[in-house]
Amino acid sequence: MSMTNETMSIPSGGAVGTLDSEIGAKATSGRMPVLFIGHGSPMNLIEENPWTKDWEAMAAITPRPKAILMISAHWYTAGSFVQGDEKPAMIYDMYGFPDPIYALQYPAHTSNELIASVQALLGREVSVKMGRGYDHGAYAPLLKMFPKVDIPVVQLSVNYKVDARQWFALGQKLAVLRDEGVLIMGSGDIVHNLRLIDPNMGNAAFPQAEDFEETLLRKLDPTKDNDLAGALHWEQLPGAQVAAASPDHLAPLYYCLGAVLGEGAVDELTLPPLAISSHDYVWGSLSMTSLTWGL
């Protein structure tokens, strides 16, 4: 969640450089799951609450990855970029929060092999960006989930020049990384509209925001609406403009969805089971919902 001028305390409902490293060799074999984390307020960096505990529990049952490809809402760019530095710096892209947040470090390394793989899979659609650090959309969940900082992490930006169908298509091209021990993670929020937040609402949502999220989740659930095509046209869902007036925080979900389903035409793909890990609303126009596939 991007914070600019106010502090929010929301009511709560040693790395390696390549995939072939010794640490990577210890990864569990088989296809890796895909995780979408509702990262919420930067206060989650220094608070322990049901959401952060849920992230920790999720990590505890995740096979050890050789590397993590992180798609964060907070790297929202004209075009697609992948980090290129060996040791990305910290980006404190939030304002007005307690001082301890700005002292936090997540000194991970990237992976040359993963960077090269992303380039090979996305081709001309992606460029390497030097000098780009880790933003809080990335390190907020990572600090809780993988606190030893011993797994390479590479960030891929969200391309705001394209729509959900193309985010999904980019994710499809990345799906093969799951068979190489790469954990693909998206970090954002399904409902995220800071202009409408109302602290007096506590753990409640505006009806339009709740309608949007519940409709989208039904469409993604193969036991309910089972409607991938409908989910990919999120703009047409009820409450879309209240829940996601800007889709920056929603976008990582579609990269994840593409990585879950892999190559194929939308009308030929079969939605797999998804697990809803957290499912809460906060202050009217925010949600703390995390989703997992294959975990």
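Residues numbered from 1 in each chain as written. Predicted model: local features only at pLDDT ≥ 70, side-chain atom pairs only at ≥ 80, totals over all residues. Heavy atoms only, no water.

Help me out: how do you make sense of the overall build of the protein in this one?
In terms of helices and strands, the protein carries nine helices and eight strands. Computed over its C-alpha atoms, the radius of gyration of the protein comes to 18 Å, within 12% of the 19 Å expected for a compact globule of 295 residues. For the C-alpha atoms alone, the extent of the protein along its principal axes is close to 50 × 50 × 35 Å. Taken across its 295 residues, the protein has 58% of its residues classed as buried. Total accessible area computed for the protein in this model is approximately 11,400 Å², and 49% of it derives from carbon and sulfur atoms. Mean positive and mean negative side-chain charge positions of the protein (19 and 33 charges, respectively) differ by 5 Å. (Helix = DSSP H or I, 4+ residues; strand = E, 2+ residues; numbered from the N terminus. Rg over C-alpha atoms; globule rule 2.2 N^0.38 Å. Buried < 20%, exposed > 50% of the residue type's maximum accessible area, 1.4 Å probe, protein only. Areas by Shrake-Rupley, 256 points an atom, 1.4 Å probe, with all protein chains shown as cover. Lys, Arg positive; Asp, Glu negative; His and termini not counted. Charge placed at Lys NZ, Arg CZ, Asp CG, Glu CD.)

Hey, could you run me through the packing of aromatic side chains in this one?
The geometry of an aromatic ring pair is captured by two quantities: the separation of the ring centres and the angle between the planes. This model, assessed by the stated rule, comprises five aromatic pairs. With a centroid separation of 5.3 Å and 50° between ring planes, the pair formed by tyrosine 76 and tyrosine 160 is classed as tilted. Highlighted residues: tyrosine 76 in strand β2 (residues 67-77) and tyrosine 160 in the loop between β5 (153-159) and α5 (164-174), separated in sequence by 84 residues. The structure contains a cluster of three or more aromatic residues connected by ring pairs, namely Tyr92, Tyr102 and Tyr139. (Phe/Tyr/Trp six-rings, centres within 6.5 Å; stacked < 30°, edge-to-face > 60°.)

Explain the packing of helix α2 (residues 50-60) against helix α4 (residues 136-145) to me, please; I cannot follow it from the model alone.
Working note: a packed helix pair is described by the angle between its axes plus the distance between those axes. Packing of α2 against α4 brings their axes to within 8 Å, and their N-to-C directions diverge by 65°. Here α4 runs roughly perpendicular to α2, going by the angle between their axes. As α2 packs across α4, the resulting crossing turns out to be right-handed. Of the residues in α4, those in contact with Thr52, Trp55, Glu56, Met58 and Ala59 of α2 are Ala140, Pro141, Lys144 and Met145. A per-class count over the contact of α2 with α4 returns six nonpolar, one polar and two charged. (Axes fitted to C-alpha atoms, helices over the stretch in contact; angles between N-to-C directions. Parallel < 35°, antiparallel > 145°, perpendicular 65-115°, else oblique. Left-handed = near helix turned anticlockwise from the far one by under 90°. Contact = heavy atoms within 4.5 Å. Nonpolar A, V, L, I, M, F, W, Y, C, P; charged D, E, K, R; others polar.)

For this particular structure, what's the right way to read helix α6 (residues 207-220)?
In an α-helix there are 3.6 residues to a turn, and that puts residues three or four apart on one side. The end-to-end C-alpha distance of α6, which contains 14 residues, comes to 20 Å, matching closely the 20 Å that a straight helix rising 1.5 Å per residue would cover. The complete set of buried residues in α6 reads Ala209, Phe212, Glu213, Thr215, Leu216, Leu217, Lys219 and Leu220. Turning to α6, the residues buried within the fold contact α7 (228-232), α8 (240-243), α9 (251-261), β7 (275-282) and β8 (286-293). (Expected span 1.5 Å × (residues − 1).)

What am I meant to see in the environment of leucine 104 here?
When you line up the elements, leucine 104 lands in the loop between β3 (80-83) and α3 (112-122). It is 32 Å that separates the C-alpha atoms of leucine 104 and alanine 209, two residues lying 105 residues apart in sequence. Not counting residues up to four positions away in its chain, the partners in contact with leucine 104 are Leu45, Ile46, Met90, Tyr92 and Leu143.

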